[in-house]
Amino acid sequence: IVVLTVVIVLWLSAQKNKAIKRVLDWLPAILFAYIIPATITHSFGLDYASVALHQWSRSAIIPLAIVMVMSALPFGQLRMIGFRPIALFVIGSLVIASAAPLLLYIFILSDSSYHELVIAGEYWKGLVPIVGGWIGGSTSQLVLKEVVDCPEGIFLAVLVLDNILVNIWTILMFQLIKRSDDLNKALGIKDHIPDFVPDHLDQSALYSKASLKTLFIAVGLVVITPFLGLSFLWNVVVLSVAGLLLGNFVKRWNHTLVLKVGGILIVVIMAILGLKLDFGSFSLPGSIVMFVIIWLILHFLFMSVAAYFLRLHMAWVPIASMANLGGISTAPAVTAAYNEEWMPFAIILAILSMVTGTAWGLFTIFLFQQMYL
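Presented here is an overview of the structure given in this document. Counting starts from 1 at the beginning of each chain's written sequence and moves along it residue by residue. Given that this is a predicted model, residues contribute local features only at a pLDDT of at least 70 and side-chain atom pairs are listed and counted only at 80 or more, while totals for whole chains, interfaces and linings are drawn from all residues. The basis for every side-chain value is the complete set of non-hydrogen atoms in the structure, without hydrogens or water.

1. Topic: the side chain of Thr-214
- Where helices and strands are cited, they refer to DSSP runs of H or I of at least four residues and of E of at least two residues respectively, numbered from the N terminus. With respect to the helices and strands, the residue Thr-214 is situated in helix H12 (residues 209-224).
- For this analysis, residues touch if any pair of their heavy atoms sits within 4.5 Å. Setting aside residues up to four positions removed in sequence, Thr-214 forms contacts with Arg-252, Trp-253, Asn-254 and Val-258.

2. Looking at the packing of aromatic side chains
- Aromatic contacts are taken between Phe, Tyr and Trp rings whose centres are within 6.5 Å, Trp giving its six-membered ring; a plane angle under 30 degrees counts as stacked, one over 60 as edge-to-face, and the others as tilted. Applying the stated criterion to the full structure yields twelve aromatic pairs.
- Geometrically, the ring pair formed by Trp-360 and Phe-363 is edge-to-face, given 6.2 Å between the ring centres and 75 degrees between the ring planes. Of the two residues, Trp-360 and Phe-363 are both situated in helix H18 (residues 343-372); the distance of three residues between them amounts to about one turn of the helix.
- Relative accessibility under 20% of the residue-type maximum defines a buried residue, over 50% an exposed one, and the middle range a partly exposed one, all with a 1.4 Å probe and only protein chains included. The exposure class of Trp-360 is buried, given its relative accessible area of 19%.
- One aromatic cluster in this structure is built from Phe-107, Tyr-114, Trp-134, Phe-291 and Trp-295.
- Each ring is checked for a lysine NZ or an arginine CZ that lies within 6 Å of its centre and within 35 degrees of its normal; such an atom marks a charge sitting over the ring. Taking the ring centre of Phe-155 as reference, the NZ or CZ of Lys-145 above it sits at 5.4 Å.
- In this structure, Arg-311 is placed above the aromatic ring of Tyr-308, and the distance from its NZ or CZ to the ring centre is 4.9 Å.

3. A look at the environment of Leu-94
- Note that Leu-94 resides in helix H6 (residues 83-110).
- Classification of Leu-94 by relative accessible area gives partly exposed; the value is 40%.
- Sequence separation between Leu-94 and Ser-240 is 146 residues; the distance between their C-alpha atoms is 25 Å.
- In contact with Leu-94, other than residues within four places in its own chain, are Ala-99, Trp-360 and Phe-363.

4. Remarks on a positive patch on the surface
- Only residues above 30% relative accessible area that lack a salt bridge enter a patch, with like-charged residues linked at up to 9 Å and the nonpolar side chains Val, Leu, Ile, Met, Phe, Trp and Tyr linked at up to 5 Å. Using a 1.4 Å probe, the Shrake-Rupley method yields the accessible areas, and only the shown protein chains count as cover for residues. A pair is scored as a salt bridge if a Lys or Arg side-chain nitrogen falls within 4 Å of a carboxyl oxygen belonging to Asp or Glu. Neither His nor the chain ends contribute to the count of charged residues, in which Lys and Arg are positive and Asp and Glu negative. Positions of charges follow a simple convention, taking NZ of Lys, CZ of Arg, CG of Asp or CD of Glu. A cluster of like positive charges, contributed by Lys-209, Lys-213, Lys-251 and Arg-252, occupies part of the molecular surface.
- By relative accessible area, Arg-252 is classed as exposed at 63%.

5. Here's the deal with the packing of helix H1 (residues 2-13) against helix H3 (residues 29-43)
- Between N-to-C directions, angles span 0 to 180 degrees; the directions come from axes that are lines fitted to C-alpha atoms, helices contributing only their stretch in contact. At a minimum axis separation of 9 Å, H1 and H3 run at an interaxial angle of 155 degrees. When the axes of H1 and H3 are compared, the pair comes out roughly antiparallel. The hand of the H1/H3 crossing is right-handed. Across the interface between the two elements, Thr-5, Ile-8, Val-9, Leu-12 and Ser-13 of H1 pack against Ala-29, Ile-30, Phe-32, Ala-33, Ile-36 and Pro-37 of H3.
- Across the contact of H1 with H3, the residue classes tally to nine nonpolar, two polar and no charged. If an angle is under 35 degrees, it is roughly parallel; if it is over 145, roughly antiparallel; if it lies from 65 to 115, roughly perpendicular; otherwise it is oblique. Handedness of each helix crossing follows the sense of rotation of the near helix against the far helix: counterclockwise by less than a right angle gives left-handed, clockwise gives right-handed. For this classification, the nonpolar set comprises Ala, Val, Leu, Ile, Met, Phe, Trp, Tyr, Cys and Pro, the charged set comprises Asp, Glu, Lys and Arg, and every other residue, Gly included, is treated as polar.

6. What to know about the nonpolar core
- For our purposes a nonpolar core is just a set of buried Ala, Val, Leu, Ile, Met, Phe, Trp, Tyr and Cys residues, chained together by side-chain atoms within 4.5 Å. Core analysis: the biggest nonpolar cluster contains 119 residues, and Val-292, Trp-295 and Ile-328 have the highest contact counts within it.
- Every residue in contact with Trp-295, bar those within four places of it in the chain, is listed here: Val-95, Ile-96, Ala-99, Ala-100, Leu-103, Leu-127, Ile-130, Val-131 and Trp-134.

7. A few points about the pattern of salt bridges
- By the definition in use, this model includes four salt bridges.
- Lys-125 is the partner of Glu-122 in a salt bridge, and the nearest nitrogen-oxygen pair spans 3.0 Å.
- Ionic pairing is found between Glu-340 and Lys-260, a salt bridge with its closest N-O pair at 4.0 Å. Of this pair, Glu-340 sits in the loop between helix H17 (330-336) and H18 while Lys-260 sits in helix H14 (residues 255-274), placing them 80 residues apart in sequence.

8. Describing the packing of helix H8 (residues 124-135) against H18
- The N-to-C vectors of H8 and H18 enclose an angle of 160 degrees; their axes lie 7 Å apart at closest approach. Taken together, the axis directions place H8 and H18 in an arrangement best described as roughly antiparallel. H8 and H18 meet at a crossing whose hand is right-handed. Taking contact as the criterion, the partners of Trp-124, Leu-127, Val-128, Val-131, Gly-132, Trp-134 and Ile-135 in H8 are, on H18, Ser-353, Met-354, Thr-356, Gly-357, Trp-360, Gly-361, Thr-364, Ile-365 and Phe-368.
- The residue inventory of the contact of H8 with H18, partitioned by class, reads ten nonpolar, six polar and no charged.

9. What to know about unusual backbone geometry
- Even without glycine at this site, Asp-149 takes up a positive phi of about 60 degrees.
- Summarising the element assignment, Asp-149 is placed in the loop between helix H9 (138-148) and helix H10 (152-178).
- Its relative accessible area of 58% is what places Asp-149 among the exposed residues.
- Positive phi is not limited to glycine here, since Arg-252 has a value of about 60 degrees.

10. Structural notes on a nonpolar patch on the surface
- Taken together, Leu-102, Tyr-105, Ile-106, Leu-109 and Met-371 make up a surface patch of nonpolar side chains, about 520 Å² in accessible area.
- With respect to the helices, strands and loops of the structure, Ile-106 is situated in helix H6.
- For Ile-106, a relative accessible area of 52% puts it in the exposed group.

11. Some thoughts on the side chain of Asn-339
- With respect to the helices and strands, Asn-339 occurs in the loop between H17 and H18.
- In terms of polar contacts, Asn-339 uses its side chain to reach the backbone amide nitrogen of Glu-341, at 2.9 Å. Between N or O atoms, a polar contact is any pair within 3.5 Å; within protein, one atom must be a potential hydrogen donor and the other a potential acceptor, and residues adjacent in sequence are included only when both atoms are from side chains.

12. Section: helix H4 (residues 52-70)
- Here the expected length of a helix is defined as 1.5 Å per residue gap, with one fewer gap than residues. The terminal C-alpha atoms of H4 lie 26 Å apart, and with 19 residues this matches the ideal 27 Å at 1.5 Å per residue to within 8%.
- Along H4, the largest kink reaches about 40 degrees and is centred on Arg-58.
- Its buried side turned inward, H4 meets H12, helix H13 (232-249), H14 and H18. Two axes are fitted around each residue, one to the seven residues ending there and one to the seven starting there, and the angle between them is reported as the bend at that residue.

This is a description of form; function is not addressed.
So this is what it looks like as structure tokens:
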């Protein structure tokens, strides 16, 4: 299923047909890497959520993609991320961490039964792991579950809701980033990042000595790092730094090749994630579902307003949002739908997300305790 999906996505990406291009304006080719596996598994009642392929992706494919993408970034371009995109990212994290207790206060003013449901019913303890899951990923989510002592039933229900909303959000961010140039024009924003890697790869370059050396070093690095015994987070950080060093200090490093290979690996990662996408139902009070949806919308609105006042390219909104909510896998994928050369920036923001997720969750707990407990 994954191989078939990757072939279809790469074929769609290469099409010049006007009708196909119109479809891809609404559904970027890389988005099909997510949808096709999910559609196949759902249609045939297959369950591949626990197959070894997911662990292989985490331990080998994602690390190799990180090395490839980060080694495509010259130091001269790294400064382009600057202060403003990081500020936008932090604003997005702040809204995620603070909006739940503040929004609950407004809900309680309009309907006092929310206090009984969320506070007395302990649903607030399920909202805290959402903060960790959105910003820091599964590790932060599990840590915060234990810190707040979230009941198992609430935690499992929240996990399903979180999964569904993040999947929908990913699709929406794919749509938004494709239209970011139009938004810039409408808002009078002139911020841009110029191309620094050729868009087309000379096929003969694939078999050159420099390219073979590039591939050998990148793969060798990924093979060696597990022996360091690092956590997934530190593995990502080390490989990102190593990729930057390789791309800037190894002579005749093929930047175009690694960017293209990195783009293909991102498609593979998305296809593997698609195997876990579940269209099944879940059980949570409708009021809690609505609360979380409004919470997510507020995150987006505040980031959009911040991007406008920072005069940032509107593509940074979905990139920073997915770095917060989607992490190391989906943030580069959404970014690639706009420009593959921005993927290193998405990885940098995703690393910041992984590092800070637990701290933001603790801040959310503090706010709940000060306001309601």
